[in-house]
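Chain and residue survey
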Amino acid sequence: MEILLKNADSVLLMDDAQRELSGADVLIRDGVIAAVGHGLQTAGEVVMATGCVVTPGLVNTHHHLFQTLTRAVPGGQDALLFGWLQALYPIWSRFGPEEMRVSAMVGLAELALSGCSMSSDHLYLYPNGARLEDTIEAASAVGLRFHPTRGAMSIGESDGGLPPDSLVEREADILDDCIRVIDAFHDPREGAMVRVGVAPCSPFSVSRELMRDAAILARDKGVMLHTHLAENDEDIAYSLEKFGCRPGQYAEDLGWTGDDVWHAHCVKLDGQEIDLFARSRTGVAHCPCSNCRLGSGIAPVRQMRDAGVKVGLGVDGSASNDVGNLVAEARQAMLLQRVARGADQMSSREALWIATRGGAEVLGRDDCGQIAVGKRADIAVWDVSGIAAAGSWDKAALLLAGPTGVRDLFVEGRQVVRDGQMVTLDLPRVVEHQNRLAARLMG
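A brief look at the structure comes next. (Residues numbered from 1 in each chain as written. Predicted model: local features only at pLDDT ≥ 70, side-chain atom pairs only at ≥ 80, totals over all residues. Heavy atoms only, no water.)

What to know about unusual backbone geometry
Formally: Note on conventions: DSSP H or I runs of at least 4 residues are helices, E runs of at least 2 residues are strands, and numbering of each starts at the N terminus.
Cis geometry is found at the peptide bond from Asn321 to Asp322, where omega equals 5°. Along the chain, Asp322 turns up in the loop between β13 (310-313) and α11 (326-341). A cis geometry characterises the amide bond from Gly402 onward to Pro403, with omega recorded as 5°. Turning to its location among the elements, Pro403 is positioned in the loop between β14 (379-383) and β15 (408-411). Its identity as a non-glycine residue notwithstanding, Asn7 has a phi of 60°, on the positive side. The phi dihedral of Asn128 falls on the positive side, at around 55°, and the residue is not glycine. One can find Asn128 in the loop between β7 (116-123) and α3 (132-142).

This is the structure we're talking about:
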């Protein structure tokens, strides 16, 4: 099957030379980019891209999709991280498979409408029979490329942890289920639609032994590792008190650095930790809106990028953002580096590179994140002929003007969004289902 994107005003390739083509075409064949250039022809479908900017699909490197059911919850709206978690844990303990599946569908559809073609997810609690495959089924229905991670918590309140005891699991059971979901769903092949990772929730919600065992298991299975790290000042203080070292040292000691590891947030990394991540090729999921929402601070993204650290973007959970618009996240990343360090410290194009190619690198997907022959056909088409870009002299500078929603989105060559609407599922019906579930939780 062929689809030809024809006569785009600009095509941002996100290749190593960061080239941009004017008046160009992109030919998709059987889920792969077959040609990029001018005057291309096809006997298949033609999608006119006049008045549009074409980019690789955006990549979301950190999310908690289940949290789309608990946006703007009273009691958690103005809390810092630990207080916010304590307000929400009792609500999450009432979730089950239906809540996990529907909330994931809503969260992934929201991402798709903002130009995201590939998303990770960090699911670290499994109440009332919920399983990782609840979210995998949702991603299949929506049509996004998906990197679910089997998260976990094992230290409950009775042992000095934050989560209620009802939400923690036995560590042996956690490791057994990691093996189960990897064997059942992980696809290591190029072009994979699902890759599973191993992701204990955080250093303050699991034991040192589980962190180490998870790293050993992941490497034995050839999958990636993910967790939260150095998110705020409370996080650093906890690490110093409980472990006698900073989070970067703790991670390194337990095998949690390397090209197969990425950490969420990293707001409070110091210079030595940034150098460690750069040397070890450890990735970072930068979540600017969540960091603002929870008052965690501004991550040192400029320093990370300058040092050579792999950085992608994450919208984080929809209870701590409280939205899942990835192009808006990229704009926020750009603005925060400017407010922290100066207006010349991050361009719109660099922030968009982080949101596409950067995210693909963090997730270990060298087959995605750029528009080049042989790469997967994950492509976003942005209509810059409307009011959001009216008067813009450089419409390819998407993050300075707009739009904040995508016109068309293709994933593995299949159309997921057409003319700003989801085509893979009945979104109004799913949203209605979501709102019924939220009302039930409120009751």
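Don't stop here, the text continues.
Focus: the environment of Glu133
Positionally, Glu133 belongs in helix α3. In this structure the C-alpha to C-alpha distance between Glu133 and Ala184, which are 51 residues apart in sequence, comes to 9.5 Å.

Here we look at the pattern of salt bridges
Spelled out, the test is: The salt bridge definition used is simple: a Lys or Arg side-chain nitrogen within 4 Å of an Asp or Glu carboxyl oxygen. Each residue is placed in one exposure class: buried if its accessible area under a 1.4 Å probe, protein chains only, is under 20% of its type's maximum, exposed if it is over 50%, and partly exposed if it falls in between.
Overall, the coordinates contain 33 salt bridges when judged by the stated rule. Between Arg29 and Glu2 there is a salt bridge, with the nearest N and O atoms lying 2.6 Å from each other. In this pair, Arg29 is assigned in strand β2 (residues 20-29) and Glu2 in strand β1 (residues 2-12), connecting sequence segments 27 residues apart. Overall, Arg29 belongs to the partly exposed group, its relative accessible area being 38%. The partly exposed category is assigned to Glu2, whose relative accessible area is 21%. Arg180 serves as the salt-bridge partner of Glu133, at 2.9 Å between the closest nitrogen and oxygen. With Glu133 in helix α3 and Arg180 in helix α4 (residues 171-185), this pair connects stretches of sequence that are 47 residues apart. By relative accessible area, which is 29% here, Arg180 ends up partly exposed. Ionic contacts of the salt-bridge type, sharing partners, join the residues Arg131, Glu133, Arg150, Glu169, Asp177 and Arg180 into one network.

Remarks on empty space enclosed by the protein
Heads up, the condition is: Detection works on a 1 Å grid of protein atoms alone, calling trapped sets that fit a 1.4 Å probe cavities and calling open sets with protein on both sides within 12 Å along at least five of seven lines pockets, with lining residues defined by an atom within 4 Å of a point. Grid points are joined across faces, edges and corners, and a volume is the space filled by probe spheres set on the points. Only Asp, Glu, Lys and Arg are considered charged in this grouping, and only Ala, Val, Leu, Ile, Met, Phe, Trp, Tyr, Cys and Pro are considered nonpolar; every other residue, Gly among them, is considered polar.
In total, this model carries three cavities of 30 Å³ or more according to the counting rule given. Within this model, the largest cavity holds a volume of roughly 130 Å³. No other element matches the four residues that helix α1 (residues 81-92) contributes to the lining of the largest cavity. Residue classes in the lining of the largest cavity are distributed as eight nonpolar, six polar and two charged.

Remarks on helix α12 (residues 348-362)
As a reminder of what qualifies: Multiply 1.5 Å by the residue count of a helix minus one, and that product is the helix's expected span. Bend angle per residue: angle between axes fitted to the 7 residues ending at that residue and the 7 residues starting there.
End to end, α12 covers 20 Å across 15 residues, agreeing with the expected 21 Å (1.5 Å per residue, within 8%). Along α12, the helix axis deviates most sharply at Ile354, where the bend reaches about 40°. With respect to burial, α12 is a largely interior element, 13 of its 15 residues being buried. Trailing α12 by a residue or two, Gly364 shows a phi angle of about 75°, which is positive.

Observations concerning helix α6 (residues 233-243)
Convention followed: Our arc is simply the arc of the directions from the helix axis toward the C-beta atoms. Contacts between residues were defined by any pair of non-hydrogen atoms, one from each residue, lying within 4.5 Å. What qualifies as a polar contact is a pair of N or O atoms within 3.5 Å, subject to a donor-acceptor requirement within protein and to the restriction that residues adjacent in sequence count only when both atoms come from side chains.
When α6 is considered as a whole, its buried residues turn out to be Asp235, Ile236, Ser239 and Phe243. Along α6, the residues classed as buried sweep out an arc of 100° about the axis, all on the same side. Exposed residues on α6 whose side chains face more than 90 degrees from its buried face are Asp233 and Glu241. In the core, the buried residues of α6 are packed alongside α5 (208-221), β10 (225-229) and α7 (247-253). Its side-chain oxygen 3.1 Å from the backbone nitrogen of Glu234, Asn232 forms the N-cap of α6. Phi turns positive one or two residues past the end of α6, at Gly244, with a value near 70°.

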